[in-house]
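Structural description and commentary
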2 protein chains.
Amino acid sequence: MKELLRTKGFKSTPQRELIFDCFFSLGKHVSVDELYQKVRELDPSVGHSTVWRNLKLICLLGLAEEVNIGDGITRYDRTTPKPHGHFFCRSCKKLLEFDVGSVMGALVEAAHEFEFEPDGYKIEIQGYCSDCRQDGRTNDVATGSANDERKA
Amino acid sequence: MKELLRTKGFKSTPQRELIFDCFFSLGKHVSVDELYQKVRELDPSVGHSTVWRNLKLICLLGLAEEVNIGDGITRYDRTTPKPHGHFFCRSCKKLLEFDVGSVMGALVEAAHEFEFEPDGYKIEIQGYCSDCRQDGRTNDVATGSANDERKA
DNA sequence: ATTGAAAATGAAAGTCGTTTTCAATTGGCG
DNA sequence: CGCCAATTGAAAACGACTTTCATTTTCAAT
């Protein structure tokens, strides 16, 4: 890791190494705060902004990318050799990955038709995972006030 | 519109009617502020929070849904009979729609495999549109500091 | 090993879109 | 018409993200 940083022109610091290590050990879709907590367990002196900056650096290095599922929290997802999509469970907030190999062709083609030069794909399916689907939730609008979907 | 509101248990107010009308006349991916500006042209007394609340209500009624492209601004997209994906140009921030009929089958199937009950799909392709692709931007990481991707 | 320029850090503050609060107003059923 | 609950508007609160700045640290060149 030290080598990668050097070759890209970044310095290696204890905090940075720790943050990188923690990020890759967590290995799932983490938010800044989740990573911050993890880092803090091992070194409580590391600041929030340092974690944030290094998470950005990880993205800049191409090792991760941001995932926005619309709940206002940015998560960071390790880049994988194969592109993948996400299932986002509205109930338990779980994020599951699934293979999107079968749809990439069509997307690339669509981009081509529009003369659009793609450099990123986000495929997200929202709904309820197998653990949560029994709750039978509906989007019946008549049962609530204009604002009560926030807690849903 | 008045009827739809009534049947769902919401009141019809001049502001609400105006906001709904403006939203559907704009008819594209609008942010709260864009809609607020439009509404203000016709009635400067309408408040920001009223626009926001009614945009939420429009979503709650199933007439629109939120689109998050990761730039921190929530946009609202009229629900269409056919699902569609978005091209998001990193340069000019334009949002273009494209048909995703050809990939829906695979996505539904993927959801089924995971026993996931989908109720929403987001397919977004990021990159550069035909007007912007000549800028030859690269993601060369060595050329900048850890933070300079923000302005990209 | 020492040094100095540039980069990195940490605490705190700033930013900005979103959301809530609350008092006043209004819609609509009885 | 009169009441009650829904709605409104202004302002404040909220919260995640981002920047600032003084201090510390890294690392290449002595």
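See the structure printed just above.
For the structure given in this document, a descriptive report is provided here.

Reading the values: rules and limits
Residues numbered from 1 in each chain as written. Chains lettered and ligands numbered in written order. Predicted model: local features only at pLDDT ≥ 70, side-chain atom pairs only at ≥ 80, totals over all residues. Heavy atoms only, no water. Helix = DSSP H or I, 4+ residues; strand = E, 2+ residues; numbered from the N terminus. Buried < 20%, exposed > 50% of the residue type's maximum accessible area, 1.4 Å probe, protein only. Contact = heavy atoms within 4.5 Å. Areas by Shrake-Rupley, 256 points an atom, 1.4 Å probe, with all protein chains shown as cover. Phe/Tyr/Trp six-rings, centres within 6.5 Å; stacked < 30°, edge-to-face > 60°. Buried area = accessible area lost by both parts, 1.4 Å probe. Salt bridge = Lys/Arg side-chain N within 4 Å of Asp/Glu carboxyl O. Axes fitted to C-alpha atoms, helices over the stretch in contact; angles between N-to-C directions. Parallel < 35°, antiparallel > 145°, perpendicular 65-115°, else oblique. Left-handed = near helix turned anticlockwise from the far one by under 90°. Nonpolar A, V, L, I, M, F, W, Y, C, P; charged D, E, K, R; others polar. Pairing = 2+ DSSP bridges.

1. Points about the overall build of chain A
Scanning chain A for helices and strands turns up five helices and six strands. Secondary structure elements of chain A, listed N to C terminal, follow the sequence α-α-β-α-α-β-β-β-β-α-β. Burial status across chain A gives 39% buried among its 152 residues. Counted over contacts in chain A with a minimum sequence separation of 6, partners at least 24 positions apart contribute 45%. Carbon together with sulfur atoms contributes 49% to the accessible area of chain A, which is approximately 8,200 Å² in total.

2. Observations regarding the packing of aromatic side chains
Considering all chains together, one arrives at eight aromatic pairs over all chains under this definition. The interplanar angle of 25° and the centroid separation of 4.6 Å between the aromatic rings of Phe116(A) and Phe87(B) together place this pair among those described as stacked. Highlighted residues: Phe116(A) in the loop between α5 (101–113) and β6 (117–128) and Phe87(B) in strand β4 (residues 84–89), drawn from two different chains. Through pairs of rings, three or more aromatic residues link up here, namely Phe87(A), Phe98(A), Phe114(B) and Phe116(B).

3. A look at the interface of chain A and chain B
Residue-level contacts link 51 residues of chain A with 49 residues of chain B. Between chain A and chain B, the buried area comes to about 4,500 Å², and carbon and sulfur atoms account for 61% of it. Taken together, the links from chain A to chain B amount to two salt bridges. Among the ionic pairs, Asp119(A) bridges to Arg90(B), the shortest N-O distance being 2.9 Å.

4. A look at the packing of helix α2 (residues 14–26) of chain A against helix α3 (residues 32–42) of chain A
Residues and elements named next belong to chain A. Where α2 meets α3, the axes come as close as 9 Å, and the angle between the chain directions of the two elements is 120°. Relative to α3, the element α2 is oriented oblique. The handedness of the crossing between α2 and α3 is right-handed. Residue-level contacts link Leu-18, Ile-19, Cys-22, Phe-23, Ser-25 and Leu-26 of α2 to Glu-34, Leu-35, Lys-38, Val-39 and Leu-42 of α3. Classifying every residue of the contact of α2 with α3 by side-chain character gives eight nonpolar, one polar and two charged.

5. A short note on unusual backbone geometry
Of note, Glu115(A) is a non-glycine position whose phi angle comes to about 55°, a positive value. Tracing the backbone through its elements, the reader meets Glu115(A) in the loop between α5 and β6.

6. Some points on the pairing of strand β2 (residues 64–68) of chain A
Residue and element names in this part refer to chain A. Alignment of β2 against strand β3 (residues 74–78), held across five bridges, turns out to be antiparallel. The partner of Ala-64 across the bridge, within β3, is Arg-78. Counting the residues in the hairpin turn of β2 and β3 gives five residues, including Gly-70, whose phi is positive at 90°.

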